[in-house]
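Examination of the molecular architecture
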Amino acid sequence: MSQIFSPPWWAKNPHIQTILPVLTKVDRPVLQRERLELPDGDFIDLDWQGTPEAKQPILVIIHGLEGSAESHYALRILAASKASGLCAVVHHHRSCSGELNRLPRGYHSGDTEDLHCTLQHLKSHFPNNSLLAVGYSLGGNVLIKYQGEQQELSLIDKAVAISAPLQLGSCANRLEKGFSKVYQSYLIKQLQQKMHGKVAKPELSTLMPINKHDIDSLTTFYAFDDKVTAPLHGFDGVDDYYNRASGMPYLSRITKPILVIHAKDDPFMTEAVIPAREQLSQQVQYELHENGGHVGFIDGGSPWRPRYYLEKRILNFLISLEKSPC
């Protein structure tokens, strides 16, 4: 069933939708950290809210680029999950939990192996608990790609992807234009800082594809992904990375229910991320809203205490009897 999102008059601008949630204070929940050792000798951190009870669903939260359990959307879905009786766990990408990972490599938009490790870990410890998932932005792309790759073998029973950059090259190009360059600059500076941290480590510096003098010259996602992301993760340049890591081709292969939500005015994206009906499997429910910005979707309240559409919609889909259209 199609849902209607309508922003208040004061939040129709896509940049207000995108920026105000970042600036709005959200209460920090009590989280317990679990370190998961990976097969390649690296690690990722899981932040738990609650301990799963027998047959209680577990919500896996997959954050976006340079996000964490501290991201505004993660804090809000954690609070909503607790109110709905769900146990929740935040899957951190490598180096996003406050500590640099051990290896030269990091994470990227098509990295589904680490997510699979987390899900296998959860299933091995809680075999009778169903796994639900929500992915935001980069995390949404990872989630869609994982569901399309694994199909019936996926360990996730039902999923939601928010503001996923399903065509990475188009999104990288969009972030080089207009006010969107502000978002690019903000995120690139965080990535540069992590690269500086890695090249400063003697055991990693000689393994990095770039030296400390050139890091600050990588001021666009296209340049950073070409010189850092692609070579560190086995891609043949930036275009190969964007082609192979984009989630769009995987939408047609998904065999378990998933809700995908986009806003037409998302300042991180273009119309290239909007799939045609024939690109969607029968298990994909797609919502395209006129407004909402990037992981925003403020639907009421006031500028001082905004109210949001996403948490209600996510949990309604994940824990209700709502089905994808056939």
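To start, this report covers the structure provided alongside it. Residue numbering note: each chain is counted from 1, following its sequence as written. Totals for whole chains, interfaces and linings use all residues, but because this is a predicted model, local features are given only for residues with pLDDT of at least 70 and pairs of side-chain atoms are given and counted only at 80 or more. The side-chain quantities take in all heavy atoms of the structure and omit both hydrogens and water.

Some details on the overall build of the protein
Each helix is a run of H or I in the DSSP string that is no shorter than four residues. Each strand is a run of E no shorter than two, and both are numbered from the N terminus. Each helix and strand counted, the protein has 10 helices and 10 strands in total. Values of the radius of gyration come from C-alpha atoms, whereas the globule rule sets the reference at 2.2 Å times the count of residues to the power 0.38. What you see for the protein is a C-alpha radius of gyration of 19 Å, in line with the 20 Å of a compact globule of 326 residues. Dimensions of the protein, computed from the C-alpha atoms along their principal axes, are close to 55 × 45 × 40 Å. Contact between two residues is taken to exist if any of their heavy atoms lie within 4.5 Å; hydrogens are not considered. At a minimum sequence separation of 6, the contacts of the protein that also span at least 24 residues come to 75%. In short, Shrake-Rupley with a 1.4 Å probe defines the accessible areas, and a residue's cover is counted only from the protein chains shown. When the accessible area of the protein is evaluated, it comes to approximately 14,200 Å², of which 53% is carbon and sulfur surface. When charges are counted, Lys and Arg are positive and Asp and Glu negative, with His and the chain ends excluded. Positions of charges follow a simple convention, taking NZ of Lys, CZ of Arg, CG of Asp or CD of Glu. Seen as two clouds, the 33 positive and the 35 negative side-chain charges of the protein have centres 5 Å apart.

Some thoughts on the layout of surface pockets
Empty pockets left among the atoms are what a rolling probe the size of a water molecule brings to light. Using only the protein atoms, space was sampled on a 1 Å grid; points where a 1.4 Å probe fits but cannot get out form cavities, open sets with protein on both sides within 12 Å along at least five of seven lines form pockets, and lining residues are those with an atom within 4 Å of a point. Grid points are joined across faces, edges and corners, and a volume is the space filled by probe spheres set on the points. Looking at the second largest pocket, its volume works out to about 390 Å³. Every residue lining the second largest pocket is counted, 16 residues in all, and those nearest its centre are Lys25, Val26, Asp27, Arg76 and Ala79. Breaking the lining of the second largest pocket down by element, the ones donating at least two residues are helix 2 (72-83) and strand 10 (306-308). Considering every element that reaches the lining of the second largest pocket, the biggest residue donor is helix 2, with 5 residues. Three categories are distinguished: nonpolar for Ala, Val, Leu, Ile, Met, Phe, Trp, Tyr, Cys and Pro, charged for Asp, Glu, Lys and Arg, and polar for the others, with Gly belonging to the last. Per-class residue counts for the lining of the second largest pocket are 9 nonpolar, 2 polar and 5 charged.

Things to note about the nonpolar core
If you look at the biggest cluster of nonpolar residues, it comprises 59 residues, and the most contacted ones within it are Ile144, Phe221 and Leu251. Looking at this core element by element, the count peaks at 6 residues for helix 6 (residues 180-199). What Ile144 contacts, discounting residues up to four positions off in sequence, is Ala161, Ala164, Leu166, Gly247, Tyr250, Leu251, Ile254, Ile258 and Val260. Ranked by size, the runner-up nonpolar core spans 28 residues in total, among them Ala69, Val90, Ile261 and Leu310. For the purposes of this section, nonpolar cores are sets of buried Ala, Val, Leu, Ile, Met, Phe, Trp, Tyr and Cys residues that join through side-chain atoms within 4.5 Å. Think of it in three bands: with a 1.4 Å probe and only protein chains considered, a residue is buried below 20% of the maximum accessible area for its type, exposed above 50%, and partly exposed in between.

Quick notes on helix 10 (residues 310-319)
By the criterion of burial, helix 10 is predominantly enclosed, with 7 of the 10 residues buried. Where helix 10 is concerned, the buried positions are Leu310, Glu311, Arg313, Ile314, Leu315, Phe317 and Leu318.

Here we look at helix 9 (residues 238-245)
Along helix 9, the residues classified as buried are Val238, Tyr241, Tyr242 and Ala245. Buried residues along helix 9 cover an arc of 95° about the axis, so they all sit on one side. On its buried face, helix 9 is in contact with helix 4 (138-150), helix 5 (168-174) and helix 8 (221-232). Directions from the helix axis toward the C-beta atoms define the arc.

What to know about the packing of helix 8 against helix 9
Orientation of helix 8 relative to helix 9, taken along the N-to-C sense of each, is 90°, at an axis distance of 8 Å. One finds that helix 8 runs roughly perpendicular with respect to helix 9. Of the residues in helix 9, those touching helix 8 at Phe221, Tyr222, Asp225, Asp226, Thr229 and Ala230 are Val238, Asp239, Tyr241 and Tyr242. Residue composition of the contact of helix 8 with helix 9, grouped by class: 6 nonpolar, 1 polar and 3 charged. Simply put, an axis is a line fit to the C-alpha atoms, just over the touching stretch for a helix, and the angle between two N-to-C directions goes from 0 to 180 degrees. With respect to orientation, any angle under 35 degrees is reported as roughly parallel, any angle over 145 as roughly antiparallel, any angle of 65 to 115 as roughly perpendicular, and every other angle as oblique.

Here we look at the pairing of strand 4 (residues 87-91)
Burial within strand 4 is extensive, with 5 of its 5 residues counted as buried. Side chains Cys87, Val89 and His91 project from strand 4 onto one buried face, and the interleaved Ala88 and Val90 project onto a second face that is buried too. Paired strands are those between which DSSP finds at least two bridges. In this sheet, strand 4 lies alongside strand 2 (residues 43-49) in antiparallel orientation, the contact comprising 4 bridges. In the strand pairing of strand 4, Gln49 is matched with Ala88. With 5 bridges joining them, strand 3 (residues 58-62) and strand 4 adopt parallel strand pairing.

Description of the state of the cysteines
What counts as a disulfide here is a pair of cysteine sulfur atoms lying within 2.5 Å. Within the structure shown, the criterion is met by 0 disulfides. Cys87 takes part in no disulfide bond, and the closest cysteine sulfur to it belongs to Cys117, at a distance of 20 Å. For Cys87, a relative accessible area of 2% puts it in the buried group. Counting only cysteine sulfurs, Cys96 is the nearest neighbor of Cys171, a cysteine outside any disulfide, at a range of 18 Å. Here Cys171 falls in the buried class, since its relative accessible area comes to 5%.

Thoughts on the sheet that holds strand 1 (residues 32-37)
Pairing is mixed across the open sheet formed by 8 strands, whose spatial order is 1-2-4-3-5-6-7-8. Whereas interior strands pair on both sides, the edge strands pair on one side only; in this sheet they are strand 1 and strand 8 (284-289). Along the sheet, successive strands turn relative to each other by an average axial angle of 20°, direction set aside. Helix 2 contacts strand 2, strand 3, strand 4 and strand 5 (131-136) of the sheet and is inclined by roughly 175° relative to strand 3. Helix 3 (residues 113-125) contacts strand 1, strand 2, strand 3, strand 4 and strand 5 of the sheet and is inclined by roughly 50° relative to strand 2.

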